[in-house]
Amino acid sequence: MRLTDALRLRPGMSVAFTGAGGKSSSLATLAQETRGRFPIVLTTTTRLAIAQRSIADEHVVVTTAEDARRLSLRADRTMLVTGPAEEEEGKLLGLADDLLAEVTRRAWGEGALVAIEADGARGRWLKAPAAHEPVVPSWIDIVVPVAGLQAIGSPLTAQIAHRPELVGRLLALEQGEILTAEHLAALLLSSDGGLKGIPAQAEVRVLLNGIDRVPAAAAHEVGGRLLANPRVRAVLTGESDT
């Protein structure tokens, strides 16, 4: 099944990806799936690596509201919209609230889907957000917390977790202790973890990547625990891209 269909996305909607373990690849997948069907705008409220310009056919830098209003969207060309590049750090800056709102109004006016990377994780499989994270717009339609199932059975270290000390504090785990399916589900369901910063009206659909890297029983346990929470409308699974 296509990710756009699983998330029930259509033109004129907005979706934000948070967490770790596949946010950028999810944006790239949406770009591939929508190309030729309807316009899409990919963007971020945090930062993207400069190399990620390649996830869309066109990269546009927006620094003013007028820049946003001049965006020219086409169904056959996917578009990444960011702030300027920080060359020394190798990053593309995200859009501030006011510019993101202008970009979104323009996109919706052109019948486009808006997909936002709203969190950073430095390529790890899971994370617990810092005080300023995630950066999710108040008007978002769908929020997709993401995690990598391959973290199950691994020790809690900086190799698999972004800010492992925060993960440990949230789950009452010491560094180096083994993460279980129960731990991963608890992290995703915590109001200080996967459910943090999600507006009340937004629908929550969790994406678990790495289904090919763990025993089926572990994946089923995580999914079952997530779906037992009324805040979670659906759980999607995907294979690892690493």
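Along each chain, residues carry numbers from 1 onward, in the same order as the chain's sequence is written. Predicted model: local features are reported for residues with pLDDT of at least 70 only, side-chain atom pairs are reported and counted for 80 or more only, and whole-chain, interface and lining totals are derived from all residues. No hydrogens and no water enter the side-chain calculation; it runs on all heavy atoms of the structure.

### Describing the sheet that holds strand S7 (residues 91-93)
Right, on to step 1. Only when DSSP finds a minimum of two bridges between them are two strands counted as paired. Numbered from the N terminus, helices here are DSSP runs of H or I no shorter than four residues, and strands are runs of E no shorter than two. With antiparallel pairing, the three strands of this open sheet are ordered in space as S3-S7-S6. On the outer flanks of this sheet lie strand S3 (47-49) and strand S6 (85-86), each paired with one strand and no other.
Right, on to step 2. The pairing of S3 with S7 spans three bridges and is antiparallel. Note that in S7 the partner of Ala49 across the bridge is Lys91.

### Let's talk about the environment of Gly148
Right, on to step 1. For Gly148, the position within the fold is in strand S10 (residues 142-148).
Right, on to step 2. Only protein chains enter the accessibility calculation, which uses a 1.4 Å probe; a residue whose area is less than 20% of its type maximum is buried, one above 50% is exposed, and one in between is partly exposed. Gly148 gets classed as buried once you look at its relative accessible area, which sits at 1%.
Right, on to step 3. With 37 residues separating them in the primary sequence, Gly148 and Gly111 have C-alpha atoms 32 Å apart.

### What about the packing of aromatic side chains?
Think of a pair of aromatic rings as described by two things: how far the centres are apart, and how the planes are tilted against each other in angle.
Right, on to step 1. Working definition: a ring pair exists when centres of Phe, Tyr or Trp rings (six-membered ring for Trp) sit within 6.5 Å. Plane angles under 30 degrees give stacked, over 60 give edge-to-face, the rest tilted. Summed over all chains, the structure comprises one aromatic pair.
Right, on to step 2. For the ring pair Trp108 and Trp139, a centre distance of 5.7 Å and an interplane angle of 80° mean the geometry is edge-to-face. Taken together, the residues Trp108 in helix H4 (residues 97-109) and Trp139 in the loop between strand S9 (126-127) and S10 connect sequence positions 31 residues apart.
Right, on to step 3. Judged by relative accessible area, Trp108 falls into the partly exposed class, the value being 32%.

### Things to note about empty space enclosed by the protein
Right, on to step 1. Every definition here rests on a 1 Å grid over the protein atoms only: cavities are sets of points where a 1.4 Å probe fits but cannot get out, pockets are open sets enclosed by protein on both sides within 12 Å along at least five of seven lines, and lining residues have some atom within 4 Å of a point. Grid points are joined across faces, edges and corners, and a volume is the space filled by probe spheres set on the points. Applying the stated criterion across every chain, the model contains one cavity of 30 Å³ or more.
Right, on to step 2. Approximately 110 Å³ is the volume found for the largest cavity.
Right, on to step 3. Lining the largest cavity are 15 residues, with Gly19, Lys127, Leu188, Gly193 and Gly194 positioned closest to its centre.
Right, on to step 4. Counting residues per element, the lining of the largest cavity draws most heavily on S10, at three residues.
Right, on to step 5. Class assignment of the residues belonging to the lining of the largest cavity gives a composition of eight nonpolar, four polar and three charged. Classification used: nonpolar for Ala, Val, Leu, Ile, Met, Phe, Trp, Tyr, Cys and Pro, charged for Asp, Glu, Lys and Arg, polar for all others including Gly.

### Brief notes about the nonpolar core
Right, on to step 1. Of all hydrophobic cores here, the largest spans 53 residues; its most connected members are Val62, Leu126 and Val222.
Right, on to step 2. At the level of secondary structure, the elements contributing two or more residues to this core comprise strand S5 (79-82), H4, strand S8 (113-117), S10, helix H5 (164-171), helix H6 (181-189), strand S12 (203-209) and helix H7 (216-227).
Right, on to step 3. The element contributing the most residues to this core is H6, with five residues.
Right, on to step 4. Two residues qualify as a contact provided that any one of their heavy atoms is within 4.5 Å of a heavy atom in the partner residue. Each residue touching Leu126, except ones within four places of it in the same chain, is listed here: Ala20, Ala151, Ile160, Ala161, His162, Val167, Leu179, Leu184 and Leu187.
Right, on to step 5. Among buried residues, those of type Ala, Val, Leu, Ile, Met, Phe, Trp, Tyr and Cys that are joined through side-chain atoms within 4.5 Å constitute a nonpolar core. Of all hydrophobic cores here, the second largest spans 28 residues; its members include Ala6, Met13, Val144 and Ala234.

### Concerning the packing of H6 against H7
Right, on to step 1. Axis separation between H6 and H7 bottoms out at 9 Å; the angle between their running directions is 30°. As H6 runs across H7, the sense of the crossing is right-handed. Residues Ala181, Glu182, Leu184, Ala185, Leu188 and Leu189 of H6 pack against Ala218, Glu221, Val222, Arg225 and Leu226 of H7. To define axes, lines are fitted to C-alpha atoms, for helices over the stretch in contact only, and angles between the resulting N-to-C directions are given on a 0 to 180 degree scale. Whether a crossing is left-handed or right-handed is set by the direction in which the near helix is turned from the far one by less than a right angle, anticlockwise for left-handed and clockwise for right-handed.

### Brief notes about the side chain of Thr82
Right, on to step 1. Within the secondary structure layout, Thr82 lies in strand S5.
Right, on to step 2. By relative accessible area, Thr82 is classed as buried at 0%.

### Quick look at the pattern of salt bridges
Right, on to step 1. By definition, a salt bridge exists where a carboxyl oxygen of Asp or Glu is found within 4 Å of a side-chain nitrogen of Lys or Arg. Counted according to the given criterion, the structure contains 18 salt bridges.
Right, on to step 2. Salt-bridge contacts for Asp67 lead to Arg70; the nearest nitrogen and oxygen are separated by 3.0 Å.
Right, on to step 3. Overall, Arg70 belongs to the exposed group, its relative accessible area being 54%.
Right, on to step 4. Note that Arg233 is salt-bridged to Glu203, the shortest N-O span being 3.2 Å. Remark: Glu203 occurs in strand S12 and Arg233 occurs in strand S13 (residues 232-238); sequence separation between them is 30 residues.
Right, on to step 5. Shared partners join several salt bridges into a network, and the residues in it are Glu66, Asp67, Arg69, Arg70, Glu102 and Arg105.

### Notes on the packing of H5 against H6
Right, on to step 1. At a minimum axis distance of 10 Å, the contact between H5 and H6 shows a crossing angle of 95°. In terms of axis orientation, H5 runs roughly perpendicular to H6. Where H5 abuts H6, its residues Val167, Leu170 and Leu171 lie against His183, Ala186 and Leu187.
Right, on to step 2. When grouped by side-chain class, the residues that make up the contact of H5 with H6 number five nonpolar, one polar and no charged. What sets the label is the angle itself: under 35 degrees gives roughly parallel, over 145 gives roughly antiparallel, 65 to 115 gives roughly perpendicular, and the rest give oblique.

Coordinates in, geometry out; function isn't part of it.
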